[in-house]
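What the coordinates show
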Protein chains: 2
Amino acid sequence: MGTGEFQLIERVRRVLGAAVDARLIAGIGDDAAVWRTGGWTIATTDTMVDGVHFRRQGVQADAIGWKALAANVSDIAAMGGAPSFALVTLFLPQDVEPEWVEALYAGFRACGEAYGVTVAGGDVVAAPVLAVTVALCGEPVVFDASGAPLLLRRDAARAGDAIAVTGTLGGSAAGLRLLLRGDDGARAGLAERHRRPRPRVDAGEAAVRAGVRCGIDVSDGLLQDLGHICAASGLGATVRAGALPVDAAAAAAFPDEAIELAATGGEDYELVLIGPQAALDATSQALAAPLCVIGEMRGGDAGRDVQLVDDDGRELSFERRGWDHLARAKETR
Amino acid sequence: MGTGEFQLIERVRRVLGAAVDARLIAGIGDDAAVWRTGGWTIATTDTMVDGVHFRRQGVQADAIGWKALAANVSDIAAMGGAPSFALVTLFLPQDVEPEWVEALYAGFRACGEAYGVTVAGGDVVAAPVLAVTVALCGEPVVFDASGAPLLLRRDAARAGDAIAVTGTLGGSAAGLRLLLRGDDGARAGLAERHRRPRPRVDAGEAAVRAGVRCGIDVSDGLLQDLGHICAASGLGATVRAGALPVDAAAAAAFPDEAIELAATGGEDYELVLIGPQAALDATSQALAAPLCVIGEMRGGDAGRDVQLVDDDGRELSFERRGWDHLARAKETR
């Protein structure tokens, strides 16, 4: 790439546009970004590496930007918070053109506009592999009488709590399969579901307001993500396969594997919400689409693990429960 | 590497130890970290890539962790703030051993303990190249009567302001030269100066309290870093070579190039502070070691650039003024 660092940063600034969030008092162009908070910060970071999490050749640059930011937005949603400001680091090989970089940042901007996120800073570094790391800050939106934030915690599940999910599952994994086949006909939006996921900030906030205190997002795979809840809460979980809200287009495209895609595919970026049935019902009433109850948390001696069962109570198992970021357990996207 | 993601994260958690900062209410192990703020956040991010910013074979893992965090601490210091919580992303090739990763995080912990920073979260991703990205948050520490934070901004220089630096310059670049020669005899601590820089959070805070409003840290090279001040403030700068506080050990090791190392070497992580002489004098009085005045900001028609001049007022120039992260203008460390 023939463009120097400072010229490239100028191009990126133009693509991102002027920040309009009045809370930001120092942004791109100073040593660090500075913004006002309501008294609390929620912070997360997530990375996508070419050849591991995506393949540059097969994906539009703006979709990479969208998804890299959306994955972080989903983590803030899974705490019950609202996202605000992002720092973006681009690992840039020499053979990437400035136009590609501009399209990438257009994707950050589009996702940011959809979720109220401003790119407030970041870094561009020479590297032998293309990668993007986003660090995203946000804030809690619901507080108790003492001013302490109310959140969705992984360790807050109780025995007997119901387990619910937002939206549908399996669409992203089905979309990936179609894309890997070279079938980007975008059948019923499956490919788009994989490329431009829509995290559920609305549902996280509604759940916290309704009294739900435990949740996680579906990023690595439902069974694996729910396993983190079990480990943190010291409980088991039973999930009924027949209750899973399988994406209709995914089921139509892959009828024999629809349950597996929904249970282990990941990257749907829906929320798993865990709490008393009444709190989940109240959450549903606040949302356009109701939650789908898929199981319950177990105490006692039946194991601190996730069991997926069929209508007769028999346990189902799959070769993989989700994505291990080091073992590369799923297909490379 | 045979260790899965979750086992490795457990090892890293043990190395980092339990968080002791009571502001942190959710840390490693949830979807995102959550902490209390005083109402403002300062945020920055910085990355080190193997083969670009360092060479894994030649550097101890804990020194990489120290320096990756210290570079970010220096950015917070250069805003006049105090650092608080970090998110660490590790790009991990398969041939890196878990013990190496543990030593890396021991370096993060050591630097964090020195500067009051807690690693509150992060990510570990499979990648073909070893790299570490740190996103660091902090807070302003000085406020005006209306409650607005007082900061060191790049665009706050005024014509006639004096330019001062903390500490000494050139030590890190001289240390790098010795290390590249295989001379790690640590002559007068030069190698250590390069490996474990000590950012000047104390000086940033003292400067803001004393009324200084403009500053930057020496990361890419004094002349280049000062160029950012000129560009943001719309001014020129004159720096007197004879006034530069050249590191004594660097001058002894490289007598013919000491000025060049001090002016362009970078990575000293000292602060450049710009303001009225009285404010700089007051800053010196608050610190154990006085600031060194090296020049002044120019308005008018003499150009919006940095001029380095000798005792007779003749301009000195060097082939490079600092580090371009994409052009790789300096030697690879």
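Per chain, the residues get numbers from 1 upward, laid out in the order the sequence is written. Lettering for chains starts from A, numbering for ligands starts from 1, and both go in the order in which the items are written. Local features in this predicted model are restricted to residues whose pLDDT is 70 or higher, and side-chain atom pairs enter the listing and the counts only when it is 80 or higher, whereas totals over whole chains, interfaces and linings include all residues. Only hydrogens and water are set aside when side-chain values are computed; all heavy atoms of the structure are taken into account.

This brings us to the overall build of chain A. Check the secondary structure of chain A and you find ten helices and 13 strands. Only the C-alpha atoms count toward the radius of gyration. The rule for a globule is 2.2 Å times the residue count to the power 0.38. Here chain A has a C-alpha radius of gyration of 20 Å; the compact-globule value for 333 residues is 20 Å, and the two agree. Principal-axis analysis of the C-alpha atoms gives chain A an extent of 65 × 55 × 35 Å. Looking at chain A residue by residue over its 333 residues, the buried ones come to 61%. The criterion used for residue contact is that any of the two residues' heavy atoms lie within 4.5 Å. The long-range share in chain A, meaning contacts at least 24 apart out of those at least 6 apart in sequence, stands at 83%. Accessible surface computed for chain A: about 12,100 Å², of which carbon and sulfur atoms make up 48%. The charge count treats Lys and Arg as positive and Asp and Glu as negative. His and the chain ends do not count. Here the site of a charge means atom NZ of a Lys, CZ of an Arg, CG of an Asp or CD of a Glu. Distance from the positive charge centre (31 side chains) to the negative charge centre (45 side chains) of chain A: 1 Å. Secondary structure elements are defined from DSSP: runs of H or I of at least 4 residues count as helices, runs of E of at least 2 residues count as strands, and each element is numbered from the N terminus. Think of it in three bands: with a 1.4 Å probe and only protein chains considered, a residue is buried below 20% of the maximum accessible area for its type, exposed above 50%, and partly exposed in between. Each accessible area value is a Shrake-Rupley result obtained with a 1.4 Å probe; residue values ignore everything except the protein chains displayed when judging cover.

The next point concerns the interface of chain B and chain A. Taken together, the contacts link 64 residues of chain B with 64 residues of chain A. Once two parts are joined, some of their accessible surface, as seen by a 1.4 Å probe, is lost; buried area is that loss totalled over both. Between chain B and chain A the total buried area reaches about 5,200 Å² when both faces are included, carbon and sulfur atoms providing 62% of it. For salt bridges, the criterion is a side-chain nitrogen of Lys or Arg within 4 Å of an Asp or Glu carboxyl oxygen. Viewed at the interface, chain A and chain B are joined by six salt bridges. Put simply, B:D30 and A:R153 hold a salt bridge, and the shortest N to O gap is 2.9 Å. We call two N or O atoms a polar contact when they sit within 3.5 Å, provided that within protein one can donate a hydrogen and the other can accept it, with sequence-adjacent residues counted only if both atoms are side-chain atoms. Joining chain B to chain A, the criterion identifies 20 residue pairs in polar contact (both at pLDDT 80 or more).

So, on to the relation of the copies chain B and chain A. Two chain copies here: they are related by a rotation about an axis and a translation along the same axis. What sets the superposition is a least-squares fit of C-alpha atoms, and only residues with pLDDT of at least 70 in both copies go into it. Rotating chain B by 180 degrees about the axis while translating it 0.0 Å along that axis superimposes it on chain A, leaving an RMSD of 0.0 Å. Both copies of the chain, as the preceding transformation shows, are related through a two-fold rotation axis. Identified as the residue of chain B closest to the rotation axis by C-alpha distance is B:G39, at 2.3 Å. Counting the interface residues of chain B, we find that 100% of their copies in chain A are interface residues as well, pointing to one common contact surface.

All right, on to helix α7 (residues 222-233) of chain A then. Residue and element names in this part refer to chain A. A helix is expected to span 1.5 Å for every residue after the first. With twelve residues, α7 ought to run about 16 Å at 1.5 Å a step, and its terminal C-alpha atoms sit 16 Å apart, in line with that. Burial analysis of α7 places nine of its twelve residues in the buried class, which makes it a mostly covered element. Of all the positions in α7, only L222, L223, Q224, D225, L226, H228, I229, C230 and S233 are classed as buried.

Our focus in this paragraph is the side chain of A:S84. With respect to the helices, strands and loops of the structure, A:S84 is situated in strand β4 (residues 81-92). Those residues in contact with A:S84 that lie beyond four places of it in its chain are A:R23, A:G116, A:V117, A:T118, A:L136, A:C137 and A:G138.

Right, let's talk about the packing of aromatic side chains for a bit. Between rings of Phe, Tyr and Trp, where Trp is taken as its six-membered ring, a pair exists when centres lie within 6.5 Å; planes separated by under 30 degrees are stacked, by over 60 edge-to-face, and by other angles tilted. On inspection of all chains with the given rule, the structure shows five aromatic pairs over all chains. Both a distance and an angle decide whether a charge sits over a ring: NZ of Lys or CZ of Arg must be within 6 Å of the ring centre and within 35 degrees of the ring normal. When the ring centre of A:F254 is taken as origin, the NZ or CZ atom of A:R177, which lies over that ring, is 5.4 Å away.

For the coordinates displayed, the defined rule picks out 48 salt bridges over all chains. Of the charged contacts in the structure, one is a salt bridge between A:E139 and A:R23, with a shortest N-O distance of 3.7 Å. Of this pair, A:E139 sits in strand β6 (residues 131-140) while A:R23 sits in the loop between α1 (5-16) and β1 (24-26), and the two are 116 residues apart along the sequence. Since its relative accessible area comes to 13%, A:E139 is described here as buried. Of the charged contacts, one joins B:R13 and B:E10 as a salt bridge, the two residues approaching to 3.8 Å between their closest N and O atoms. One end of the pair, B:R13, and the other, B:E10, are both in helix α1 (residues 5-16), three residues apart, so they sit about a helical turn from each other.

With that out of the way, let us pick up the sheet that holds strand β3 (residues 40-49) of chain B. Taken in spatial order, the six strands line up as β1(A)-β2(A)-β3(B)-β6(B)-β4(B)-β5(B) in an open sheet, and their pairing is mixed. Of all strands in the sheet, those bounded by a partner on one side alone are β1 of chain A together with β5 (118-126) of chain B. Recorded for the sheet is a direction-independent mean angle of 20 degrees between the axes of neighbouring strands. When DSSP finds two or more bridges between two strands, those strands count as paired. Where helices are involved, their axes are fitted lines through C-alpha atoms of the stretch in contact, as for all axes, and angles between N-to-C directions lie from 0 to 180°.

Within β3(B), ten of the ten residues are buried, which leaves it mostly tucked inside the rest of the structure. Of the two faces of β3(B), the one carrying B:W40, B:I42, B:T44, B:D46 and B:M48 and the one carrying B:T41, B:A43, B:T45, B:T47 and B:V49 are both buried. Bridging between strand β2 (residues 33-36) of chain A and β3(B) involves four bridges; their strand directions are antiparallel. Bridge pairing in β3(B) links A:V34 to B:I42. Bridge count between β3(B) and strand β6 (residues 131-140) of chain B: eight bridges; the pairing is antiparallel. Residue pairing across strands places B:T47 opposite B:T133, the latter belonging to β6(B).

The next thing to look at is the domain arrangement of chain A. Residue and element names in this part refer to chain A. Domain delimitation follows an automatic or database domain assignment. Per the domain assignment, the segments making up chain A are domain 1 (23-140) and domain 2 (154-316). Using C-alpha coordinates to define each centre, domain 1 is positioned 25 Å away from domain 2. Facing 19 residues of domain 1, the contacting portion of domain 2 comprises 17 residues. Where domain 1 abuts domain 2, roughly 1,500 Å² becomes buried across the two surfaces, and 55% of that area is made up of carbon and sulfur atoms. For the domain 1 face of the interface with domain 2, the top three residues by lost area are W66, K67 and Y115, together amounting to 34%. Where domain 1 touches domain 2, the interface holds two salt bridges. A salt bridge links K67 to E267; the shortest N-O distance between them is 2.8 Å. On inspection of domain 1 and its partner domain 2, the count reaches six residue pairs in polar contact (both at pLDDT 80 or more). Broken down by element, the residue count for the side of domain 1 that touches domain 2 peaks at ten residues, all from helix α2 (residues 61-77).

Right, let's talk about the state of the cysteines for a bit. Residues and elements named next belong to chain B. For the purposes of this analysis, a disulfide is any pair of cysteine sulfur atoms at a distance within 2.5 Å. The full count for this structure, using the stated rule, is zero disulfides over all chains. In this structure C111 is not part of a disulfide, and its nearest cysteine sulfur, from C137, lies 16 Å away. Not part of a disulfide, C292 finds its nearest cysteine sulfur in C214, a span of 17 Å. For C292, a relative accessible area of 21% translates into the label partly exposed.

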